[in-house]
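Listed here are the chains, written in short residue letters.
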Amino acid sequence: MNAAAFYRKLNEKIPESLRCEWDNDGLMVCSDPGREVKKVLITLDCTDDAVSYADENDFDLIVSHHPLIFHPLKAVTDPKLIQLIKRDIPVFSFHTRLDAVKGGVNDTLASLLGLEDVVPFGEDGMGRIGFLPDRVSFGAFVSDLKDLLGVQSVTAVRCTGSVDRVAVLGGSGKDYIADAEAAGADTFVTGEAGYNALTDASEGTMNVILAGHYFTEQPVCQTLRRMLLSIDPKLETEIYECNKLLQY
C-alpha cells in the first residue's frame, strides 16, 4: 500500500472531525505519495533523532502523535524537514483527534489504569472518567500509577485519602481540572499543569496527579501500532522512545 492510501485508511480510523480548531495535524510531509509503505516508525514526537533513526534504518513512514509542523512556515530551512523531503519519508501526525477518538490516548490511559465503566467528560468529550475495580488509598494508587507508567515520581495535590472514581487526560490537562471535578472524579490524572492551576486545585475536593506529559501519552504508541497492523498485518513497525527525560 502506498503512502497516500495509508493516510486515507488512518484518516478513517482517526477522523479529522475530532481535531480541535486550533490544532494542526494530519499529513505533515509527503514528497512521494506513491511510496510503498512496508516499514513504519511510531513516535510521540518527530524529533531530529527520530528522523535520523528513520532515515538510517530505511523506514518508509513516520507516524507521530505531536505535530511535526504546528505553526505556519515562512521558509523551509529546518534540516529535519529537508532531510524528510530529500529522503521521501512521509510524516503523519495525529494529535487532538487521537486524544479524542475512541480507543485513543485517553482510552489507552484509562485502560492501562484498569478503569471500568469509562465514559467521556469535558465539553469536547476528550477526557475519560471511570471507576477502579476497588477503592484504594491515595498512597496505593500513586504507587501503582508510577509502576504502570514507568515514572519514578509524580507531583500531586491530595484532597482526599481514597481513590475510586478517576478521570484521565494525557498530556497537558490544566484546562480540564474543573471539568473532571464537575464530572464527579475524586482523582484526576494528567501529564502536566501549571503552579497556579495546582494552587486552585488544592482548594477543591479532588486529588490531582501530574505524572508527566511523556509518560501519560507514550502508551498510545502501542495503540497506533495496533491500528497500523489492522490496516496491513504484514507491516514492520517499531516504537521510537523520544523525549524520555532522565529521572533521578
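These figures come from a predicted structure and were not determined experimentally.

A. A look at the sheet that holds strand 3 (residues 61-64). The strand order across the open sheet built from five strands is 1-4-3-2-11, with neighbouring strands paired in mixed fashion. Each of the sheet's edge strands pairs with one partner strand only, and the pair in question is strand 1 (26-29) and strand 11 (236-240). Across the sheet, the mean angle separating the axes of adjacent strands is 25 degrees when strand polarity is ignored. Direction of pairing for strand 2 (residues 39-43) relative to strand 3: parallel, over a ladder of four bridges. Counterpart to V40 in the pairing with strand 3 is L61. With respect to the sheet, helix 1 (residues 3-13) is in contact with strand 1, strand 3 and strand 4 (91-93), its orientation differing from that of strand 4 by roughly 10 degrees.

B. Summary view of the pattern of salt bridges. Scanning all chains against the criterion turns up eight salt bridges. One network of salt bridges, with partners in common, ties together R19, D25 and R97.

C. Region of interest: helix 3 (residues 79-86). Among all positions of helix 3, only K80, L81 and L84 are buried. In an axial view of helix 3, the angular spread of the buried residues amounts to 95 degrees, which keeps them on one side of the axis. Structural note: helix 3 exposes P79 and K86 on the side pointing more than 90 degrees away from its buried face. On its buried face, helix 3 sits against strand 1, helix 2 (48-56), strand 3 and strand 4.

D. Fine view of the side chain of T47. If you trace the backbone, T47 turns up in the loop between strand 2 and helix 2. In this structure T47 touches K80, Y240, C242 and N243, once residues within four positions along its chain are discounted.

E. Structural view of the nonpolar core. Core analysis: the largest hydrophobic core is formed by 37 residues, its most contacted members being I62, L68 and F141. Counting residues per element, the ones that place at least two in this core are strand 1, helix 2, helix 3, helix 5 (105-112), helix 6 (138-149), strand 8 (162-172) and helix 9 (213-217). A total of five residues in this core trace back to one element, the largest contributor, which is helix 6. Apart from residues lying up to four places away in sequence, I62 is in contact with L41, T43, C46, A50, V51, A54, L84, I89, P90, V91 and F92. Listed in part, the 23 residues of the second largest apolar core include V37, F94, L224 and L235.

F. Geometry of the packing of aromatic side chains. Scanning the model with the defined rule gives seven aromatic pairs in all. Measuring from centroid to centroid gives 5.2 Å for Y53 and Y240, while their planes differ by 40 degrees, and the two rings are tilted. You can see Y53 sitting in helix 2 and its partner Y240 sitting in strand 11, a full 187 residues away along the chain. The exposure class assigned to Y53 is partly exposed, which follows from its relative accessible area of 25%. Taken together, the aromatic side chains of Y7, F92 and F94 make up a single cluster linked through ring pairs.

G. Main features of the state of the cysteines. Overall, the coordinates contain zero disulfides when judged by the stated rule. The thiol sulfur of C20 is not disulfide-bonded, and the nearest other cysteine sulfur, from C221, lies at 19 Å. Residue classification places C20 among the buried residues on the basis of a relative accessible area of 16%. Sulfur of C221: no disulfide; nearest cysteine sulfur belongs to C242 and is 7.3 Å away. For C221, a relative accessible area of 1% puts it in the buried group.

Rules of the game
Residues numbered from 1 in each chain as written. Predicted model: local features only at pLDDT ≥ 70, side-chain atom pairs only at ≥ 80, totals over all residues. Heavy atoms only, no water. Pairing = 2+ DSSP bridges. Helix = DSSP H or I, 4+ residues; strand = E, 2+ residues; numbered from the N terminus. Axes fitted to C-alpha atoms, helices over the stretch in contact; angles between N-to-C directions. Contact = heavy atoms within 4.5 Å. Salt bridge = Lys/Arg side-chain N within 4 Å of Asp/Glu carboxyl O. Buried < 20%, exposed > 50% of the residue type's maximum accessible area, 1.4 Å probe, protein only. Arc of directions from axis to C-beta. Core = buried A, V, L, I, M, F, W, Y, C linked by side-chain atoms within 4.5 Å. Phe/Tyr/Trp six-rings, centres within 6.5 Å; stacked < 30°, edge-to-face > 60°. Disulfide = S-S within 2.5 Å.

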